[in-house]
2 protein chains.
Amino acid sequence: MSSRKTASDFSTPAFRQHDHGECARSLMDAAHDLCAKRGLRLTPVREKVLELLLKSHAPLGAYAILSELASAGFRAQPPVAYRALDFLVENGLAHRIEKINAFVACSQPRKEHSPIFMICNDCHQVAETSVKPQSSSLDRTARAIGFNIQHTVVEAQGLCAQCRERML
Amino acid sequence: MSSRKTASDFSTPAFRQHDHGECARSLMDAAHDLCAKRGLRLTPVREKVLELLLKSHAPLGAYAILSELASAGFRAQPPVAYRALDFLVENGLAHRIEKINAFVACSQPRKEHSPIFMICNDCHQVAETSVKPQSSSLDRTARAIGFNIQHTVVEAQGLCAQCRERML
DNA sequence: TTATTAATTGTTATGATATAACATTATTGG
DNA sequence: CCAATAATGTTATATCATAACAATTAATAA
Ligand SMILES: [Zn+2]
Ligand SMILES: [Zn+2]
Ligand SMILES: [Zn+2]
Ligand SMILES: [Zn+2]
């Protein structure tokens, strides 16, 4: 048993068969832990938004979240959703997918990472992986031109293996 | 004199001193050539939008373009700007920067490429570089999980060398 | 050329995403 | 408790983008 990890070892289970109930529960637990450790307040609306995001690996738009919040008895003005999302994103519990103006729960909320996303255009699920910062093409290019990176957006759209197979 | 090129050789001149008048003129010429070769029509409004984008290496939002179009005597309803931008983007003459909902002229409109952008948060200019598709972290990761990439978004926000120096 | 078709542009309206501003309530620390 | 801070409630508006259909212009082929 080697300790080597391939890229897929780091990928979110989005495109792999897995027990998503357990997947979601463990990420919710991790969120509670992380907030406790950092003295952050995972208030009811914030927890509810995270719960909604954790329902699947398909990102949700802010207004979809808002409407789910309304159904669950929360106030439903846009700032309610955006504030909760801001909290989750700022604290590394969720990510914004720029290409589709939507949000997804982070699949590795413990560690600092520069996430990269694979967005399936067919099943709409998003896999999150991350890359060693130093080794990315972006970092190499930035060093070459003296650019100081503060934030990165790395997203790919296409077809996941399952969807591609289904289309054959 | 080696034929090796470093990443900076491929970068747009955005963050380097250069004759931008010449820079813009040659890109406009290239656009005319490309359209002629492909039988595309660089109509007045499309050419004007490209001209506006070529005024600097700082991206412009669709409504900024719209207002410049109005000043220049063009019709100024949103679809006018979005259609021209769609044409330019579809034909590789401009790119959309997802992180800031804005558009920039392509700096290497001839060849197929997967562009990478460096967005300076201070001077708001954007450098475009590109990476050999096979070698990017995104492609390696995609191969590892069997994901078929159709489109990529790779953007970094931060500070260009000049702006960082100026801040010291 | 002239009819036919296709591409582009004009126009109105609306949809979708996001934030500013300020009032109110809840939590925390002294 | 009291003052300070953080979070939430609420209204209004800003910003970004497209649907739908009409009118015009350009390309094409009979
Ligand atoms: Zn899961
Ligand atoms: Zn899929
Ligand atoms: Zn230039
Ligand atoms: Zn700069």
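Right above here is the structure, for reference.
Owing to the predicted nature of the structure, the values given are computational and were not obtained by experimental measurement.

Peer 1: Before we move on, could you go through the coordination of the zinc ion (ligand 4) and cite the residues and values that matter?
Peer 2: Residues and elements named next belong to chain B. The coordination sphere of the zinc ion (ligand 4) contains the protein donors Cys120 (SG), Cys123 (SG), Cys160 (SG) and Cys163 (SG), at a distance range of 2.2 to 2.4 Å. When the donor residues of the zinc ion (ligand 4) are listed from N- to C-terminus, their spacing reads C-x2-C-x36-C-x2-C. Of the two residues, Cys120 is situated in strand 3 (residues 115–120) and Cys163 in helix 7 (residues 161–167); the sequence distance between them amounts to 43 residues. Accessibility classification places Cys120 together with Cys163 in one group, the buried group.

Peer 1: Can you tell me about the coordination of the zinc ion (ligand 2), naming the residues and giving the values?
Peer 2: Put simply, the ideal angle at a metal is 109.5 degrees for four donors in tetrahedral geometry and 90 or 180 degrees for six donors in octahedral geometry. Residues and elements named next belong to chain A. For the zinc ion (ligand 2), the full set of protein donor atoms is Cys120 (SG), Cys123 (SG), Cys160 (SG) and Cys163 (SG), and the range of their distances to it is 2.2 to 2.4 Å. Metal-centred angles of 99 to 119 degrees between the four donor atoms at the zinc ion (ligand 2) mark the site as tetrahedral. In primary-sequence terms, the residues that donate to the zinc ion (ligand 2) follow C-x2-C-x36-C-x2-C. Of this pair, Cys123 sits in the loop between strand 3 (115–120) and strand 4 (126–130) while Cys163 sits in helix 7 (residues 161–167), placing them 40 residues apart in sequence.

Peer 1: So what's going on with the interface of chain B and chain A? Residues and values would help.
Peer 2: Listed by partner, the interface residues are 39 residues for chain B and 39 residues for chain A. Regarding the contact of chain B and chain A, the summed buried area is about 3,200 Å², with carbon and sulfur atoms giving 64% of it. At the boundary of chain B with chain A, the tally comes to zero salt bridges. The tally of links from chain B across to chain A stands at 14 residue pairs in polar contact (both at pLDDT 80 or more). The set of elements that each furnish at least two residues to the side of chain B that touches chain A consists of helix 1 (7–10), strand 3, helix 6 (137–145), strand 5 (148–159) and helix 7 of chain B. When residues of the side of chain B that touches chain A are assigned to their parent elements, the largest contribution, twelve residues, is made by strand 5 of chain B. Here the residues of the side of chain B that touches chain A sort into 19 nonpolar, 15 polar and five charged. Bridging between strand 5 (residues 148–159) of chain A and strand 5 of chain B involves eleven bridges; their strand directions are antiparallel. Bridged to A:Glu155 within strand 5 of chain B is B:Val153.

Peer 1: Outline the protein's contact with DNA strand C, listing residues and values.
Peer 2: Taken together, 16 residues lie around DNA strand C, and A:Tyr63, A:Arg96, B:Thr43, B:Arg75 and B:Arg83 are the ones closest in. Counting only atoms of DNA strand C within 4 Å of the protein, the sugar-phosphate share comes to 48%. At a separation of 2.6 Å, a base nitrogen of DNA strand C approaches a polar side-chain atom of A:Tyr63. At the level of elements, helix 5 (78–90) of chain A together with helix 3 (44–53) and helix 5 (78–90) of chain B are the ones that each hand at least two residues to the surface near DNA strand C. By residue number, the principal contributor to the surface near DNA strand C is helix 5 of chain A, which donates four residues. Residue composition of the surface near DNA strand C, grouped by class: six nonpolar, three polar and seven charged.

Peer 1: So what's going on with helix 5 of chain B? Residues and values would help.
Peer 2: Residue and element names in this part refer to chain B. The end-to-end C-alpha distance of helix 5 is 18 Å, a good match for the 18 Å that 13 residues give at a rise of 1.5 Å each. Along helix 5, the positions that sit buried rather than exposed are Val80, Ala81, Ala84, Leu85, Phe87 and Leu88. All buried residues of helix 5 fall inside an arc of 155 degrees around its axis, so they share one side. Set apart from the buried face of helix 5 by more than 90 degrees, the exposed residues are Arg83 and Glu90. Elements in contact with the buried residues of helix 5: helix 2 (20–38), helix 3, helix 4 (62–71), strand 1 (94–97) and strand 2 (102–105).

Peer 1: Residue-level account of the packing of helix 4 of chain B against helix 5 of chain B, with values.
Peer 2: Helix-helix packing is described using two parameters, namely the angle between the two axes and the distance between the axes. All names here are of chain B. Their axes nearest at 9 Å, the elements helix 4 and helix 5 cross at an angle of 110 degrees. When the axes of helix 4 and helix 5 are compared, the pair comes out roughly perpendicular. With respect to the hand of their crossing, helix 4 and helix 5 are arranged in right-handed fashion. In this structure, helix 4 contributes Ala62, Tyr63, Ile65, Leu66 and Leu69 to the contact, and helix 5 contributes Pro78, Val80, Ala81, Tyr82 and Leu85. Split into classes, the residues belonging to the contact of helix 4 with helix 5 amount to ten nonpolar, no polar and no charged.

Peer 1: Give me the protein's contact with DNA strand D: which residues, what numbers.
Peer 2: What surrounds DNA strand D is a group of 16 residues, the closest being A:Thr43, A:Arg75, A:Arg83, B:Tyr63 and B:Arg96. Close to the protein, within 4 Å, the atoms of DNA strand D are drawn from sugar and phosphate at a rate of 50%. A:Arg46 places a polar side-chain atom, nitrogen or oxygen, 3.5 Å from a phosphate oxygen of DNA strand D. The contact in question runs from a base nitrogen of DNA strand D to an N or O atom on the side chain of B:Tyr63, over 2.6 Å. Going through the elements one at a time, helix 3 (44–53) and helix 5 of chain A together with helix 5 of chain B are the ones with two or more residues in the surface near DNA strand D. With four residues, the top contributor of residues to the surface near DNA strand D is helix 5 of chain B. For the surface near DNA strand D, the per-class residue count stands at six nonpolar, three polar and seven charged.

Peer 1: How would you explain the relation of the copies chain B and chain A if you had to name every residue and give the values?
Peer 2: When chain B is brought onto chain A, the operation consists of a screw motion whose angular component is 180 degrees and whose axial shift is 0.0 Å, with 0.0 Å RMSD remaining. Such a turn and shift between the copies fits a two-fold axis. The rotation axis passes nearest to the C-alpha of B:Val154 in chain B, at a distance of 2.3 Å. A high fraction, 100%, of the interface residues of chain B reappear at the interface in chain A, so the copies pair face to face through one surface.

Definitions and cut-offs
- Residues numbered from 1 in each chain as written.
- Chains lettered and ligands numbered in written order.
- Predicted model: local features only at pLDDT ≥ 70, side-chain atom pairs only at ≥ 80, totals over all residues.
- Heavy atoms only, no water.
- Donors = N, O, S within 2.8 Å, 3.2 Å for Na, K, Ca; no water.
- Helix = DSSP H or I, 4+ residues; strand = E, 2+ residues; numbered from the N terminus.
- Buried < 20%, exposed > 50% of the residue type's maximum accessible area, 1.4 Å probe, protein only.
- Tetrahedral: all angles 85-135°; square planar, octahedral: opposite > 155°, others 65-115°.
- Contact = heavy atoms within 4.5 Å.
- Buried area = accessible area lost by both parts, 1.4 Å probe.
- Salt bridge = Lys/Arg side-chain N within 4 Å of Asp/Glu carboxyl O.
- Polar contact = N/O pair within 3.5 Å; in protein donor to acceptor, adjacent residues only side chain to side chain.
- Nonpolar A, V, L, I, M, F, W, Y, C, P; charged D, E, K, R; others polar.
- Pairing = 2+ DSSP bridges.
- Near = heavy atom within 4 Å.
- Expected span 1.5 Å × (residues − 1).
- Arc of directions from axis to C-beta.
- Axes fitted to C-alpha atoms, helices over the stretch in contact; angles between N-to-C directions.
- Parallel < 35°, antiparallel > 145°, perpendicular 65-115°, else oblique.
- Left-handed = near helix turned anticlockwise from the far one by under 90°.
- Least-squares fit on C-alpha atoms with pLDDT ≥ 70 in both.

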